[in-house]
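Report on the structure
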Amino acid sequence: VADVQRRQLEVLFSEVPNFDKHLPLGIHDCNLLPLEVSKEEERANRHHNDKTCGYLTDRLWRMGARAEWMLARGEVLFLSLVANLWMKTTHGSGYGYTVGIDRPRFCR
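Because the structure is predicted, anything quoted here is derived from the model rather than measured.

1. Things to note about helix α4 (residues 73-91)
- In this model α4 runs 26 Å from its N-terminal to its C-terminal C-alpha over 19 residues, within 8% of the 27 Å that 1.5 Å per residue would give.
- Every buried residue of α4 is accounted for by V76, S80, A83, N84 and M87. Seen from one end, α4 has its buried residues packed into an arc of 105 degrees, which puts them on one side. In α4, the exposed residues that point more than 90 degrees away from the buried face are G74, F78 and T89.
- Looking at the buried positions of α4, the neighbouring elements they touch are α2 (39-56).

Spelled out as structure tokens, the structure:
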């Protein structure tokens, strides 16, 4: 298992030779790997994320008002646009998401 995880990290940081020498103190390799989820969890997360991203396109802003968000709909859409541009820049234009953020993979 440790060999597989080490290889995953090498692939993840393929452009940084000896990446582990550059990690801050206290950061363990195992904390850098993406979480392993079952197909059922993935399906449930995808459904939840699709539903949540749909809230951003609601012109009446019902969920934003109900959640008492501090930002107006226009501000949230602007932040979503900026996040989308960042995802396209860091992951390429074929990433496929047009509204919202699908998964927390940017916390690696």
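2. Regarding the confidence of the model for the chain
- Per-residue pLDDT for the chain has a mean of 80; in total, 84% of the residues score no lower than 70.
- Here residues 102-108 is modelled with pLDDT under 50, and outside its nearest four sequence neighbours on either side it reaches 14 contacts, counting other chains as well.

3. So, the packing of aromatic side chains
- As enumerated under the stated definition, the model contains 2 aromatic pairs in all.
- Centre to centre, the rings of F13 and F19 are 4.7 Å apart; their planes meet at 15 degrees, and the pair counts as stacked.
- Given a relative accessible area of 24%, F13 falls into the partly exposed group.
- On the basis of relative accessibility, which here comes to 5%, the residue F19 falls in the buried class.
- Summarising the aromatic geometry, the rings of W61 and W69 are spaced 5.3 Å apart at their centres and angled 80 degrees between planes, so their arrangement reads as edge-to-face.
- Taking relative accessible area as the criterion, W61 reaches 13% and is therefore assigned buried.

4. Quick word on a nonpolar patch on the surface
- On the surface, a nonpolar cluster with roughly 740 Å² of combined accessible area is contributed by M70, L71, F78, L79, L81, V82 and L85.
- Tracing the backbone shows L85 in helix α4.
- On the accessibility criterion, L85 (48% relative accessible area) is partly exposed.

5. A look at unusual backbone geometry
- One non-glycine residue, N18, lies in positive phi territory at about 50 degrees.
- Summarising the element assignment, N18 is placed in the loop between α1 (2-12) and α2.
- Judged by its relative accessible area of 48%, N18 falls in the partly exposed class.
- Although it is not a glycine, E68 adopts a positive phi angle of roughly 55 degrees.
- Position of E68 relative to the elements: it lies in the loop between α3 (62-66) and α4.
- E68 sits in the exposed class, given a relative accessible area of 66%.

What counts and what doesn't
- Residues numbered from 1 in each chain as written.
- Predicted model: local features only at pLDDT ≥ 70, side-chain atom pairs only at ≥ 80, totals over all residues.
- Heavy atoms only, no water.
- Helix = DSSP H or I, 4+ residues; strand = E, 2+ residues; numbered from the N terminus.
- Expected span 1.5 Å × (residues − 1).
- Buried < 20%, exposed > 50% of the residue type's maximum accessible area, 1.4 Å probe, protein only.
- Arc of directions from axis to C-beta.
- Contact = heavy atoms within 4.5 Å.
- pLDDT = per-residue confidence, 0-100.
- Phe/Tyr/Trp six-rings, centres within 6.5 Å; stacked < 30°, edge-to-face > 60°.
- Patch = residues over 30% accessible without salt bridge, like charges linked within 9 Å, V, L, I, M, F, W, Y side chains within 5 Å.
- Areas by Shrake-Rupley, 256 points an atom, 1.4 Å probe, with all protein chains shown as cover.
- Salt bridge = Lys/Arg side-chain N within 4 Å of Asp/Glu carboxyl O.

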